[in-house]
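Chain by chain, the residues run as shown.
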Amino acid sequence: MKFTRLLISSLFAASSLAAQQVWVEAESFADRGGWMVDTQFIDIMGSAYLLAHGMGKPVKDAVGEVKVPAPGKYKLWVRTKNWVGPWDAPGAPGRFKVAVDGKSLGKDHATTGKDWQWEDAGVIEASGTSVKVALQDQTGFDGRVDAILLSADLDFKPANELSEVQKLRRKLLGLPDEAPETKEYDLVVVGGGYSGMGAAISGARQGLKVAFVQDRPVLGGNGSSEIQVWAQGGTRRGLYPHLGEIVEEFADRASNSPAATPDEFNDKLKEDTVRAEKNIELFLNTYVHGVEISRGDAPSGYKRTIRSVVGLDTHKGTETRFRGKLFVDCTGHGSVGALADAEFMMEEKGRMGMSNMWVLKKTDKPSAWPATPWALQMEMGDFPEPKAMEPVGKKNANNMKGYDLGYTPVENAKDFLHGEWFWESGFNKHPIKDLELIRDHNFRAVYGAVSTLRTKGGDKYANYDMQWLAYIGGPRESRRIVGDMILNGEDMVKGIIHPDGCVPTTWDQDLHYPKEQYAAKFPDNPFISRAEFGKHTDRANGYPVPYRCFYSKDISNLFMAGRTISVERHALGSTRVMRTCGMMGEVVGKAAWICVRHHTSPRGVYEQYLDILKDLMNQPGAMRRDALELPLYLPANAKKLPDVFVSSDSIDPKKLDGIVIDDEDAEVTGKWSKGDGLKPHVGKHYSYGRDAGASARFAFAVKQSGKYEVRTFWTPHENRAKTAPISVLSAEGEKKLTVNQTSDGGSKDGWHSLGTYQFNAGEEAAVIFRTENAGGNVHLDAVQVVPAK
């Protein structure tokens, strides 16, 4: 059968059947049913595996035909894991059974142990030279299977140690010591997120022959339908306003993150955009887990040069060496650099974590939800309740203007609730070695929260059922490969522009930490985060990230793009968002052409050919050349992009009509904090506070007597005041009112009307905010006074 490999142990032609064994990768089953292929943890447990991700509903059987050497008896072993075992949690959510030729072998698997192990499924009788093996999920709660092993030696017991598992795997699959090698590509791009797509497309349009290697069946990385993180960061601005044009050809226009349907992240557009490039060969479902170093001495100033990377076909279990002149590490984890022994940075503790977001959908009637004693046991209040989704255009609007959405919006977004980016854990866990534990802890948190909503949330959640839960995690921080320059976050704040500055980063220095409100009950691994916005960057033009951050100082032919670039941690808080990462890829693709055309290294581009790179960055993203030596041209069918919409997320008070009093000009008493994370806001920042007795007075005087409308600005948030007390002092006296700052309901420019009042010329008037009985943080931004219409 296709994809099934076996090895008959036969040192002699007449060897006994007891020595014959068959290894089958579970992910190679021709019919995987409802089981998913999980490739995230190959470095930890040795392989991709099948995952029964039914969110509480058992999935359809995975079935595969297994060829055996001859009729007879075989011991069947299955490699699996009781995934809640590491926490000694009660129950066994990953239970499954094995059936052979339609008959269940009876045993429940994945009920004991704490790690991956071989479990004895029993002895089977093969009447011919093949049997049909089925994996029968019992729960829908993420049972997992790596491999099936059949042994004619009924006394054989496979070892559980990973090194021994891998030896046996290679032996029985017949994998050669040296995998077959491809032709030599000009550029090998490893990692299919936004950075990898930017690099592959950009390089291909420069005439490079590109191998594009991605471990998942879809492109987009965190911005794919599998993970559903919005692609943020401003494009098409700054020193090189054509950077970002390639990104905008394939970027999502999702209305929510996560969204009501996976179609909103438009995986098809991403793949179609890549496959339209004749110079790209795309290798999906291929996980790079090794590198081959070129023989001989590396060029002066470098440790070594990469000859090829070793890719594992995550369905077949076979390997291929992808040979290249140049390589780009777009893996997010800096995997290629680490395998090549490049120096990298990684915090031991206190990193940003990994998110697994989720969606509930309203149903016509209540549905059953199974007990989850193995999940985190919670009460209402131990986690933030999921929010209703917003209709199209309410969020992410700046990235939608003028673009075809590429999907049909759902009719009633309010019927969907979602657990957003802050469902995040792993802050003090190892971002590589503990990755499976981090993801599984997120599972326990989400399933525990859903159980709490269903059993303790009252009628409010009775008609909601699980629609989606990301089984592929969205990580934020791990290895960062050291380049010729390590960008410091203070350079961004001070506006220090380097000679090779190029990619505009517009996101604030945004780092995530456990949210203290929810961390106390689960101190070992809190699962709700908060974003701490540090110093901000120039959002309108962006801070230009230097090119020297995009290549390794140690490996002569290794570029980086994405989260793996050479930045210190605060700078990473700004550069890590996906549209920004995609532009890094665009620059790397152009630099790679210079390397090939002028026989130089990535460092040589900076030292000798920086002016050529700058010229290429000034060219439209659709420009291409038909061969390495030929000139660039703009194709007649080049994709037309809408005009650039640049939002600084800040409103200039000088551009507002009437009288404007910003929060920094208000007379305040008590404690008020400043912030700029809620956008848009007027001026440099806003203020907020809830301390008893605190107040803020926005004083003004009009030049002409008459009726004026009084407005105040705020951006709604769940922790803002529900009954903020405000007094308007006018010629009519004092009018007291309360406003709900958790609610929007304002104008598209962010202002909220407090009514129309009479003001007399030259007389002092004021709008006063207080904190008494406010029911949350009172938000101070700006007060605007305009003539009444």
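Please read these numbers as outputs of a predicted model, since none were measured by experiment.

### Some thoughts on the overall build of the chain
The helix and strand tally for the chain stands at 13 helices and 45 strands. Over its C-alpha trace the chain gives a radius of gyration of 29 Å, about what one expects of a compact globule, namely 28 Å for 789 residues. Seen through its principal axes, the chain has C-alpha atoms that stretch 110 × 65 × 45 Å. When burial is assessed residue by residue, the chain has 59% of its 789 residues classed as buried. Here the analysis covers contacts within the chain between residues at least 6 apart in sequence; of these, 79% occur between residues at least 24 apart. Summed over its atoms, the accessible surface of the chain is roughly 31000 Å², and 49% of this surface lies on carbon and sulfur atoms. Computed over 99 positive and 103 negative side-chain charges, the separation of the two mean positions in the chain equals 1 Å.

### Quick word on the packing of helix H3 (residues 194-205) against helix H11 (residues 578-598)
One way to put it is that H3 packs onto H11 with a least axis distance of 7 Å and a crossing angle of 30 degrees. Compared by their axis directions, H3 and H11 come out roughly parallel. Remark: the crossing between H3 and H11 carries right-handed chirality. Judged by residue contacts, Tyr194, Ser195, Gly198, Ala199, Ser202 and Gly203 of H3 engage Met578, Arg579, Cys581, Gly582, Gly585, Glu586, Gly589 and Lys590 from H11. Of the residues in the contact of H3 with H11, the class split is four nonpolar, seven polar and three charged.

### A look at unusual backbone geometry
Residue proline 258 is reached from serine 257 by a cis peptide bond, and omega for that bond is -5 degrees. Residue position: proline 258 is located in the loop between helix H4 (245-250) and helix H5 (267-275). A cis amide bond links lysine 679 to the next residue, proline 680, at an omega of 0 degrees. Positionally, proline 680 belongs in the loop between strand S35 (673-675) and strand S36 (681-682). Even without a glycine there, the phi angle at aspartate 88 is positive, about 50 degrees. Tracing the sequence through the fold places aspartate 88 in the loop between strand S6 (72-80) and strand S7 (96-100). For aspartate 88, a relative accessible area of 56% puts it in the exposed group. The residue histidine 599 is not glycine, and still its phi comes out positive at about 55 degrees.

### Re empty space enclosed by the protein
Here the structure, examined in full by the defined rule, presents three cavities of 30 Å³ or more. By volume, the largest cavity is sized at about 70 Å³. Lining the largest cavity are 15 residues, and of these Met352, Gly353, Pro431, Ile438 and Glu477 lie nearest its centre. Partitioning the lining of the largest cavity into residue classes produces six nonpolar, five polar and four charged. Its volume calculated, the second largest cavity comes out at about 60 Å³. Lining the second largest cavity we find Ala204, Arg205, Glu277, Lys278, Asn279, Arg624, Arg625 and Asp626. Residues belonging to the lining of the second largest cavity are distributed by class as follows: one nonpolar, one polar and six charged.

### Some points on the pairing of strand S27 (residues 501-505)
Judged by how many residues are buried, S27 sits mostly within the fold: five of five residues are covered. Judged from the four bridges that link them, S27 and strand S30 (residues 543-546) form a sheet pairing that is antiparallel. Bridge pairing links proline 504 to proline 544 in S30.

### Some points on the sheet that holds strand S34 (residues 667-669)
One open sheet holds the five strands; their spatial order is S34-S38-S43-S40-S41, and the pairing between them is antiparallel. The strands lining the two open edges of the sheet, one partner per strand, are S34 and strand S41 (733-739). Each strand of the sheet is rotated relative to its neighbour by a mean of 15 degrees, with strand direction disregarded. Relative to strand S38 (residues 695-700), S34 is paired through three bridges, and the arrangement is antiparallel. Opposite glutamate 667, over in S38, you have arginine 697 as the bridge partner.

### Things to note about the packing of aromatic side chains
Under the criterion given, the structure shown has 25 aromatic pairs. Between the aromatic rings of tyrosine 194 and phenylalanine 250, the centroid separation amounts to 5.2 Å while the plane-to-plane angle is 65 degrees, which identifies the pairing as edge-to-face. Here the residue tyrosine 194 occupies a position in helix H3, and phenylalanine 250 occupies one in helix H4, the gap between them amounting to 56 residues. Its end group placed over the ring of tyrosine 403, arginine 253 keeps NZ or CZ at 3.5 Å from the ring centre. Above the face of the phenylalanine 344 ring, arginine 479 is positioned so that its terminal group lies 5.5 Å from the ring centre.

### A closer look at the environment of phenylalanine 141
Topologically, phenylalanine 141 is positioned in strand S11 (residues 141-151). Judged by relative accessible area, phenylalanine 141 falls into the buried class, the value being 3%. A C-alpha to C-alpha distance of 38 Å links phenylalanine 141 and aspartate 508, two positions 367 residues apart in sequence. Other than its neighbours up to four places away in sequence, phenylalanine 141 contacts Ala52, Met55, Gly56, Trp83, Pro93, Gly94, Trp369, Pro370, Thr372, Trp374 and Tyr447.

What counts and what doesn't
- Residues numbered from 1 in each chain as written.
- Predicted model: local features only at pLDDT ≥ 70, side-chain atom pairs only at ≥ 80, totals over all residues.
- Heavy atoms only, no water.
- Helix = DSSP H or I, 4+ residues; strand = E, 2+ residues; numbered from the N terminus.
- Rg over C-alpha atoms; globule rule 2.2 N^0.38 Å.
- Buried < 20%, exposed > 50% of the residue type's maximum accessible area, 1.4 Å probe, protein only.
- Contact = heavy atoms within 4.5 Å.
- Areas by Shrake-Rupley, 256 points an atom, 1.4 Å probe, with all protein chains shown as cover.
- Lys, Arg positive; Asp, Glu negative; His and termini not counted.
- Charge placed at Lys NZ, Arg CZ, Asp CG, Glu CD.
- Axes fitted to C-alpha atoms, helices over the stretch in contact; angles between N-to-C directions.
- Parallel < 35°, antiparallel > 145°, perpendicular 65-115°, else oblique.
- Left-handed = near helix turned anticlockwise from the far one by under 90°.
- Nonpolar A, V, L, I, M, F, W, Y, C, P; charged D, E, K, R; others polar.
- 1 Å grid on protein atoms, 1.4 Å probe; cavity = no way out; pocket = protein on both sides within 12 Å on 5 of 7 lines; lining within 4 Å.
- Points joined across faces, edges and corners; volume = space filled by probe spheres on them.
- Pairing = 2+ DSSP bridges.
- Phe/Tyr/Trp six-rings, centres within 6.5 Å; stacked < 30°, edge-to-face > 60°.
- Lys NZ or Arg CZ within 6 Å of the ring centre and 35° of its normal.

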